[in-house]
Amino acid sequence: MKLEERKPSGREKDQAAIERLAELRGKLHCEDVSTARKAAFALSWMQEDGLDIFVEALFGSFPRTTKQAAAYGLRSMNGRMRKMAEEVLTRGLTHSNRITKETCAKSLLLMKQRPVKKKGGFQRRPSGGGDRPRGPRIREFRGRGQPRRDQPSGNRPPRNGPPRGNRR
């Protein structure tokens with residue numbers, strides 16, 4: 001599918017940014033869902049420019065994969081753009097296109113059910129100075145198989161040396 005040329009918004013800093021946005025926009029409209037989702041995730045970091053491209057893809061007459069990738073990109077937005085992305089998805093619930101409605105409803109549901117973030121990093125106990133951490137002890141054990149011959153064991157002499165007895 002041939003996309004129309006996108007007009008630069010004026011927020012782009014240089015020609016490389018304009019080219020990158022055009023490349024990601026083309027990948028967003030790809031038939032391969034995996035490629036489209038990767039492009040959507042990259043666009044989600046591009047603030048207002050990414051939001052403009054997602055709105056165009058979500059409300060335009062594009063295939064289901066493009067709309068789903070755009071919704072994924074809106075869900076992936078962080079910081080101050082998250083609220084704007086949520087507003088776009090809410091606006092999509094009243095759109096005339098059935099696929100757009102379904103996609104927006106599913107994305108909003110997934111946004112609300114986002115998993116709770118875990119506490120990160122190691123946390124020390126306030127009482128322990130140099131205590132050993134509690135947990136399962138690591139024990140060494142001999143596995144099945146042939147015994148190792150690289151180390152002499154017991155009273156046997158090494159294989160390549162002289163016998164130990166009869167020394168003078």
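First things first, this report covers the structure right here in the doc. (Residues numbered from 1 in each chain as written. Predicted model: local features only at pLDDT ≥ 70, side-chain atom pairs only at ≥ 80, totals over all residues. Heavy atoms only, no water.)

### Overview of helix H4 (residues 64–76)
In a regular helix each residue adds 1.5 Å, so 13 residues correspond to 18 Å; H4 covers 18 Å between its end C-alpha atoms and thus fits that length. Within H4, 10 of the 13 residues are buried, leaving the element largely enclosed by the surrounding structure. Along H4, the residues classified as buried are Thr66, Lys67, Ala69, Ala70, Ala71, Tyr72, Gly73, Leu74, Arg75 and Ser76. The inward-facing, buried residues of H4 abut helix H1 (15–28), helix H2 (33–44), helix H3 (47–59), helix H5 (81–92) and helix H6 (98–112). (Helix = DSSP H or I, 4+ residues; strand = E, 2+ residues; numbered from the N terminus. Expected span 1.5 Å × (residues − 1). Buried < 20%, exposed > 50% of the residue type's maximum accessible area, 1.4 Å probe, protein only. Contact = heavy atoms within 4.5 Å.)

### Re the side chain of serine 107
By the secondary structure assignment, serine 107 is in helix H6. Ignoring any residue separated from it by four or fewer positions in sequence, one finds serine 107 in contact with Ala71, Arg75 and Leu89.

### Side note on unusual backbone geometry
Even without glycine at this site, glutamine 47 takes up a positive phi of about 50°. As for its placement among the helices and strands, glutamine 47 is situated in helix H3.

### Brief notes about the packing of H5 against H6
Packing of H5 against H6 brings their axes to within 8 Å, and their N-to-C directions diverge by 140°. Viewed along their axes, H5 and H6 adopt a mutual orientation that is oblique. Crossing of H5 over H6 shows left-handed handedness. In contact with Arg82, Glu86, Leu89, Thr90 and Gly92 of H5, H6 contributes Thr100, Lys101, Cys104, Ser107, Leu108, Met111 and Lys112. Partitioned by chemical class, the residues of the contact of H5 with H6 number 4 nonpolar, 4 polar and 4 charged. (Axes fitted to C-alpha atoms, helices over the stretch in contact; angles between N-to-C directions. Parallel < 35°, antiparallel > 145°, perpendicular 65-115°, else oblique. Left-handed = near helix turned anticlockwise from the far one by under 90°. Nonpolar A, V, L, I, M, F, W, Y, C, P; charged D, E, K, R; others polar.)

### Quick look at the packing of aromatic side chains
Evaluation of the coordinates by the stated rule reveals 1 aromatic pair. For the ring pair phenylalanine 41 and tryptophan 45, a centre distance of 6.4 Å and an interplane angle of 75° mean the geometry is edge-to-face. Residue classification places phenylalanine 41 among the partly exposed residues on the basis of a relative accessible area of 37%. For tryptophan 45, a relative accessible area of 56% puts it in the exposed group. Above the ring of tyrosine 72, the side-chain terminus of arginine 37 is found at 3.8 Å from the ring centroid. (Phe/Tyr/Trp six-rings, centres within 6.5 Å; stacked < 30°, edge-to-face > 60°. Lys NZ or Arg CZ within 6 Å of the ring centre and 35° of its normal.)

### Some points on the nonpolar core
Grouped together as the largest cluster of nonpolar side chains are 25 residues, with contacts concentrated most on Leu28, Leu43, Phe54, Leu74, Met77 and Leu89. For this core, the secondary structure elements donating two or more residues are H1, H2, H3, H4, H5 and H6. Excluding its chain neighbours within four sequence positions, the residues that come into contact with leucine 89 are Leu58, Ala71, Leu74, Cys104, Ser107, Leu108 and Met111. (Core = buried A, V, L, I, M, F, W, Y, C linked by side-chain atoms within 4.5 Å.)

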